[in-house]
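The chain contents come next:
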Amino acid sequence: MQAVRSFVGMDVHKETISISVAEDGRNGPVRFIGVIPNQPDDIAKMAKRLAKHGELDFCYEAGGCGYNIYRQLTALGHSCTVAATSMIPRKPGERIKTDRRDSQKLAILHRSGDLTQVWVPDATHEALRDLVRARVDASMHLMRCRQQLLAFLLRHGRSYPTGKHWTQRHRSWLAGQTFQVEVHRIVFRDYVEAVWTAQERRDALIERIGAMTASWSLGPLVEALRGLRGIDLLSSATFLATTGDLSRFESPRMLMGYLGLVPSEHSSGGSIRRGGITKTGNREARRMLIEAAWSYRYPARVAKEKAEILVRLPKNVRDIAWKAQTRLCARYRTMIARGKKPTVVVAALARELAGFIWAIGQEMRLSGA
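Residues numbered from 1 in each chain as written. Predicted model: local features only at pLDDT ≥ 70, side-chain atom pairs only at ≥ 80, totals over all residues. Heavy atoms only, no water.

Caption draft 1: Main features of the nonpolar core. In terms of nonpolar packing, the biggest core is built from 52 residues, with L228, L289, L353, I357 and I360 touching the most fellow members. Of the residues forming this core, the biggest block, 12 residues, is contributed by helix α13 (residues 342-366). Those residues in contact with I360, other than ones at most four positions away along the chain, are L221, A224, L225, L228, V317 and I320. In this structure, M10, V12, A47 and F58 belong to the second largest nonpolar core, which totals 21 residues. (Core = buried A, V, L, I, M, F, W, Y, C linked by side-chain atoms within 4.5 Å. Buried < 20%, exposed > 50% of the residue type's maximum accessible area, 1.4 Å probe, protein only. Helix = DSSP H or I, 4+ residues; strand = E, 2+ residues; numbered from the N terminus. Contact = heavy atoms within 4.5 Å.)

Printed below as a string of structure tokens:
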């Protein structure tokens, strides 16, 4: 006798989880089981109790609670889907939203196959992703600390007259600033100390990223992507940590769409209207590609630092990197000559750069690296 399959929808919150079960079949009944605490022991008891009635297939929305529930349920031998929140179908006329309704809706949509599953990283990949996010937070904090210090100096008529800020000469200039009022001296020292502390924190995180990628399963791909112009160790590690394994994308177009670099479109009948890029997917990965694409506005060449990286890479990867550089540099000049805005051109180059990244990922996968 075939086992009965049940689809379990979970509306997950920090403290509680609302549980609903949809029986297999188009018109199978949907039952609200109840609310349990969001604790591993309670989740295990719930899964054991429901498993008595047949096979279970769980689902819940991706969110701030992470993937611990997914890992616990799969370790218990159950199927589990983490659904993309932005892709869950919603009826425009719905005006009532409760945890019970949300869990029932998830169970029904999961049964009908209307949920879009997100890629779940392993523990090591998630750890590197958290490290990358911490580096971004530290960089933003450093930027705010620097702005606060410069704003304080400007209020007191102190502005650096020559060169750029935060160079060795600028640091020497900061060390020579004095104030008559004791409170101003205290505030100035506090702002300066905050800048140096934030900078040390950011630099320490960058070192940790470099050390962790050396032993990471995608470490060889991180090194291979450094062969592309505009991509260094930090941007390569950030891109792969936020995007995940490139082998899950069947074509470069899928990667471009995932990064939100394809044009939006609203077409009907004979009318075709395209707008700006969709900006879906991970914002940090897209920002890294946009920053890298700006370097292709200069003529194609291999810098000394990049040559030292390329010599360590396989020939097929070097060929892809050079093909990307010659094509994208020429494409930038061509599109600018047509009167395109530089920002539009760079977005188009970033989209093509994603295709070359996908190609390098394929080459590394086929070579077994």
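Caption draft 2: Region of interest: the pattern of salt bridges. Following the criterion strictly, the structure yields 15 salt bridges and no others. Notably, a salt bridge pairs E182 with R185, separated by 2.3 Å at the nearest N-O pair. One end of the pair is E182 and the other is R185, both in helix α6 (residues 182-214) and 3 residues apart, which spans about a single turn. One salt bridge in this structure joins E265 and R274, with 3.7 Å as the shortest N-O distance. Connected through salt bridges with shared partners, the residues E223, R226 and R312 form a single ionic network. (Salt bridge = Lys/Arg side-chain N within 4 Å of Asp/Glu carboxyl O.)

Caption draft 3: Layout of the packing of aromatic side chains. Applying the stated criterion across every chain yields a total of 6 aromatic pairs. Taking the centre distance of 5.3 Å and the plane angle of 50 degrees together, the rings of F179 and F188 count as tilted. The class for F179 is buried, based on a relative accessible area of 7%. Summarising the aromatic geometry, the rings of F249 and Y258 are spaced 5.2 Å apart at their centres and angled 55 degrees between planes, so their arrangement reads as tilted. Pairwise contacts between aromatic rings join F152, F179, F188 and Y191 into one cluster. It is R158 that lies over the ring of F179; its NZ or CZ is 4.3 Å from the centre. Sitting above the plane of the Y258 ring, R248 keeps its charged end 5.0 Å from the centroid. (Phe/Tyr/Trp six-rings, centres within 6.5 Å; stacked < 30°, edge-to-face > 60°. Lys NZ or Arg CZ within 6 Å of the ring centre and 35° of its normal.)

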